[in-house]
Amino acid sequence: MSKFIAAAALAASLAAAPAAFAGDWSLAIHGGAGVINRGSLTPEKDAAYRAGLDAALKAGSAVLEKGGSSLDAVEAAVKVLEDNPLFNAGRGAVFTADGKNELDASIMDGATLKAGAVAGVTRTKHPISLARTVMEKSPHVMLAREGADKFSVEQGLEQVDPSYFRTEERWKQLEAWRAKQKAALDPTHLYGTVGAVAIDAQGHLAAATSTGGMVGKKWGRIGDSPIIGAGTYAQDGVCAVSATGSGEYFIRTSAAYQVCARIAWKGEDLKTAGDATIKAIGDIGGDGGMITMNAKGEVAFPMNSSGMYRGWASAKGKGTAIYADEK
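We now turn to the structure provided with this report. (Residues numbered from 1 in each chain as written. Predicted model: local features only at pLDDT ≥ 70, side-chain atom pairs only at ≥ 80, totals over all residues. Heavy atoms only, no water.)

1. Some points on the environment of Gln235
Within the secondary structure layout, Gln235 lies in strand β7 (residues 232–235). By relative accessible area, which is 18% here, Gln235 ends up buried. Each C-alpha atom of the pair Gln235 and Thr112 lies 7.9 Å from the other, and the pair is 123 residues apart in sequence. (Helix = DSSP H or I, 4+ residues; strand = E, 2+ residues; numbered from the N terminus. Buried < 20%, exposed > 50% of the residue type's maximum accessible area, 1.4 Å probe, protein only.)

Written out as structure tokens, the structure reads:
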């Protein structure tokens, strides 16, 4: 098959995909996974996390309820989570070994397979919006570090002083890491990331992910969050995924894309595909979780960690959960 015929076949399949969707809009979000056992959070902290998840669901749902696009919805939800210092993204980002906040994000449009990502940005208030701008205003998929910061200024995105991202709790985590050289000092934020997946009334899927990375990361380390196919993936008619976990393992297993490939090529249902992918990650030593959504707007939350901050909403209602055994 020539590349022209293949491209035409892909375009036709993407154009036809939304027709299979006959349901209402749907949204799912996450705020990171880790060792979150029952009793590990105070009642006040538990309530605060749920309130943060509710706020993000409200923002994304407001877009979808009005007939807005899934892309707008996932961006809106993630921006709320980036503004909340409880979550390791945006203002709540952890510090690198050098005492800096370096932010990663990505977004993908299931209708076109277009995607945008940024890594190591330091001054953009909402990295997820910068990732979308890369997708829509540049010929590239990923920009990193100084180049991404420069592009952000050129495109007129809101800039902040790097001190905006500093929180005292995150700084104390860095000091503890420096004292013990142990990254897993805060097990409830072992894999801090935020993300969203959605399907709109037109049947289009989208996914978005944003993170501050790992406490004490060195050498410009980049995890799975800004990598399309590892931490983020969306394809109309198939699925949308945002991951949170030990990033190196999600990269090695192409985790987000693997879920969609299992559905598209093996005919697996959403839960089976997600569980099998998490098992593949666990088999090589990784852990974490994912939010997944299929072309019907159904949602699943596969994980092999003891908890994941998560929530879901549709025209039928909404809910939040934290612990792995919480339905």
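2. Section: the packing of aromatic side chains
Per the counting criterion, the structure on display carries 7 aromatic pairs. Pairing Tyr49 with Phe87 gives two aromatic rings, centres 5.6 Å apart and planes at 65 degrees, and the pair type is edge-to-face. In this pair, Tyr49 sits in helix α2 (residues 43–65) while Phe87 sits in the loop between α3 (70–83) and β2 (103–109), placing the two residues 38 residues apart along the sequence. Taken individually, Tyr49 and Phe87 each receive the classification buried, so the pair is uniform in this respect. Considering the side-chain rings of Phe95 and Trp171, the 4.9 Å spacing of their centres and the 85 degrees angle between planes classify their relative orientation as edge-to-face. (Phe/Tyr/Trp six-rings, centres within 6.5 Å; stacked < 30°, edge-to-face > 60°.)

3. Brief notes about unusual backbone geometry
Positive phi is not limited to glycine here, since Leu113 has a value of about 65 degrees. You can see Leu113 is positioned in the loop between β2 and β3 (114–121). At Ser254, a position not held by glycine, the phi torsion is positive, near 45 degrees. With respect to the helices and strands, Ser254 occurs in the loop between α7 (247–252) and α8 (255–266).

4. Re the sheet that holds strand β4 (residues 142–144)
Two pairing modes exist for strands in a sheet, parallel and antiparallel, and in both the strands are linked by backbone hydrogen bonds. With mixed pairing, the 8 strands of this open sheet are ordered in space as β4-β3-β2-β6-β5-β1-β11-β12. Looking at strand neighbours, the two that pair on one side only are β4 and β12 (317–323), the edges of this open sheet. Ignoring which end each strand starts from, the neighbouring axes of this sheet average 5 degrees apart. As paired strands, strand β5 (residues 194–199) and strand β6 (residues 205–211) are joined by 6 bridges and run antiparallel to one another. When the bridges of β6 are listed, Ile199 appears paired with Leu205. Sheet contacts for helix α5 (residues 145–154): β3 and β4; angle to β4, the most-contacted strand, approximately 105 degrees. (Pairing = 2+ DSSP bridges. Axes fitted to C-alpha atoms, helices over the stretch in contact; angles between N-to-C directions. Contact = heavy atoms within 4.5 Å.)

5. So, the state of the cysteines
Disulfide: a covalent bond connecting the sulfur atoms of a pair of cysteines. The tally for this structure, following the rule as stated, stands at 1 disulfide. With a sulfur-sulfur separation of 1.8 Å, Cys239 is cross-linked through a disulfide to Cys260. Measuring the twist about the S-S bond at about -100 degrees, one finds the Cys239-Cys260 disulfide to be left-handed. Residue Cys239 is located in strand β8 (residues 239–245), and its partner Cys260 is located in helix α8; the two are separated by 21 residues in the primary sequence. Looking at Cys239, the relative accessible area reads 0%, which means it is buried. On the basis of relative accessibility, which here comes to 1%, the residue Cys260 falls in the buried class. (Disulfide = S-S within 2.5 Å.)

6. Structural notes on helix α4 (residues 127–137)
The element α4 is extensively covered by neighbouring structure, given that 9 of its 11 residues are classed as buried. Burial in α4 covers these residues: Pro127, Ile128, Ser129, Leu130, Ala131, Arg132, Thr133, Val134 and Met135. Contact partners of the buried residues in α4: α3, β2, β3, β4, α5 and β6.

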